[in-house]
Amino acid sequence: MNRRLAIALLILVSLTLPSFARGRKTVSKEPGTYKEWGPDIDEIEIVKTFSTNDYEKIVVTPFNTASTPLPDEKEDSYKAIKAVLDDFTPEFTTALQKELKASAKVEEAKKAPKKGKVLVLRAKVESIDPGSRAARYWAGFGAGAAGTKISGEIADAATGAVLIRFTQARRSGGTWKFAGGNDTTVMKDSIHALAQDVAHLLDTF
């Protein structure tokens with residue numbers, strides 16, 4: 001039992017320290033490519049600096065999930081992953097509006113507008129994995145965590161100019177959920193975490 005606790009604590013420390021260190025870094029808003037940028041973002045390319053407060057609206061277009069890897073249809077996780085992918089855009093959009101501190105309104109749209117003081121978010125789901133509920137329940141502290149990775153860009157609607165490109169991955173361990181949380185719940189938690197990260201990105205500018 002003591003050995004299991006020691007392993008769990010080691011996993012917790014390994015997950016926590018990188019995030020803590022990353023959050024302490026100075027944020028540059030100058031054009032360029034950065035890794036572990038600010039408190040949240042894994043990788044970002046700042047093409048052109050801007051001010052989020054200059055925009056009245058942030059439009060999220062449908063996430064591209066056409067090439068997101070899926071398990072075999074016979075796998076238990078297939079239906080859960082497919083359902084979460086189908087709801088990815090509204091889940092992300094709702095969470096982004098909740099987390100964003102800027103005054104811009106966040107909404108979902110099938111197509112990006114081509115005028116107005118609007119930022120457009122286009123993104124792709126690179127991967128999504130429900131992890132292992134058994135591992136979350138028995139080991140905890142990050143074991144069996146769900147993971148989701150996206151890549152995207154933020155553009156100015158009126159000019160069509162891309163302002164930012166980014167790549168971000170998030171994990172959700174279901175630590176405080178009953179029996180480690182079901183696959184759907186922890187995958188949605190990772191989506192909410194990604195939306196929080198993008199909100200922090202936008203609020204930095």
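Cut-offs applied
- Residues numbered from 1 in each chain as written.
- Predicted model: local features only at pLDDT ≥ 70, side-chain atom pairs only at ≥ 80, totals over all residues.
- Heavy atoms only, no water.
- Helix = DSSP H or I, 4+ residues; strand = E, 2+ residues; numbered from the N terminus.
- Buried < 20%, exposed > 50% of the residue type's maximum accessible area, 1.4 Å probe, protein only.
- Contact = heavy atoms within 4.5 Å.
- Areas by Shrake-Rupley, 256 points an atom, 1.4 Å probe, with all protein chains shown as cover.
- pLDDT = per-residue confidence, 0-100.
- Phe/Tyr/Trp six-rings, centres within 6.5 Å; stacked < 30°, edge-to-face > 60°.
- Salt bridge = Lys/Arg side-chain N within 4 Å of Asp/Glu carboxyl O.
- Expected span 1.5 Å × (residues − 1).
- Patch = residues over 30% accessible without salt bridge, like charges linked within 9 Å, V, L, I, M, F, W, Y side chains within 5 Å.
- Lys, Arg positive; Asp, Glu negative; His and termini not counted.
- Charge placed at Lys NZ, Arg CZ, Asp CG, Glu CD.
- Pairing = 2+ DSSP bridges.

Side note on the overall build of the protein
In terms of helices and strands, the protein carries five helices and seven strands. Secondary structure elements of the protein occur, N-terminal to C-terminal, as α-β-β-β-α-α-β-β-α-β-β-α. Counting the 205 residues in the protein, one finds 41% classified as buried. When contacts within the protein are restricted to residue pairs at least 6 apart in sequence, those whose partners lie at least 24 apart make up 68%. As presented, the protein carries roughly 11500 Å² of accessible surface, and 53% of it is formed by carbon and sulfur atoms.

Notes on the confidence of the model for the protein
Summary statistics for the protein give a mean pLDDT of 80 and a share of 75% for residues scoring 70 or more. The weakest mean pLDDT in the protein belongs to helix α1 (residues 2-23) at 43; the strongest belongs to strand β3 (residues 57-60) at 97. For the stretch residues 133-143, pLDDT sits under 50, and the model shows 36 contacts to residues farther than four places along the chain or on other chains. Of the regions scoring below 50 in pLDDT, residues 174-180 engages in 13 contacts with residues more than four places distant in sequence or in other chains.

Brief notes about the environment of Glu45
For Glu45, the location among the structural elements is in strand β2 (residues 41-46). Overall, the relative accessible area of 30% leaves Glu45 in the partly exposed class. Taking the C-alpha atoms as reference points, Glu45 and Arg165, separated by 120 residues in sequence, lie 5.0 Å from one another. Discounting chain neighbours no more than four positions away, the residues touching Glu45 are Gly32, Thr33, Leu163, Ile164 and Arg165.

Considering the packing of aromatic side chains
Aromatic ring pairs are described here by two measures, namely the spacing of the ring centres and the angle between the planes. Going through the model one piece at a time under the given rule, you end up with five aromatic pairs. Ring geometry for Phe50 and Tyr55: centres 6.5 Å apart, planes at 80°, overall edge-to-face. We classify Phe50 as buried; its relative accessible area is 11%. Between the aromatic rings of Phe50 and Phe205, the centroid separation amounts to 4.7 Å while the plane-to-plane angle is 5°, which identifies the pairing as stacked. Taken as a pair, Phe50 in the loop between β2 and β3 and Phe205 in the segment after α5 (183-204) lie far apart in primary sequence, 155 residues in all.

Details of the pattern of salt bridges
In this structure the tally under the stated criterion is seven salt bridges. A salt bridge links Glu91 to Lys188; the shortest N-O distance between them is 3.3 Å. With Glu91 in helix α3 (residues 88-99) and Lys188 in helix α5, this residue pair connects regions lying 97 residues apart in the sequence. In this structure Lys188 comes out as partly exposed when scored by relative accessible area, which is 24%.

Topic: α3
Here α3 spans 16 Å end to end across 12 residues, near enough to the 16 Å set by a 1.5 Å rise per residue. Among the residues of α3, those classed as buried are Phe88, Thr89, Glu91, Phe92, Thr93, Ala95 and Leu96.

Focus: a negative patch on the surface
Together, Asp72, Glu73, Glu75 and Asp76 line one region of the surface with negative charge. Take Asp72: it is sitting in the loop between β3 and α2 (78-86). Relative accessible area serves as the criterion here: at 48%, Asp72 is assigned to the partly exposed category.

Focus on the pairing of β3
Alignment of β3 against strand β4 (residues 105-108), held across four bridges, turns out to be parallel. When the bridges of β4 are listed, Val60 appears paired with Glu108. For β3 and strand β5 (residues 118-129), the ladder comprises four bridges, and the chain directions are parallel. Paired with Ile58 across the two strands is Leu119, which belongs to β5.

Overview of the pairing of β2
With five bridges joining them, strand β1 (residues 32-37) and β2 adopt antiparallel strand pairing. By the bridge assignment, Gly32 is partnered in β2 with Ile46. Here β1 folds back onto β2 in antiparallel fashion, the turn holding three residues, of which Gly38 has a positive phi close to 65°.

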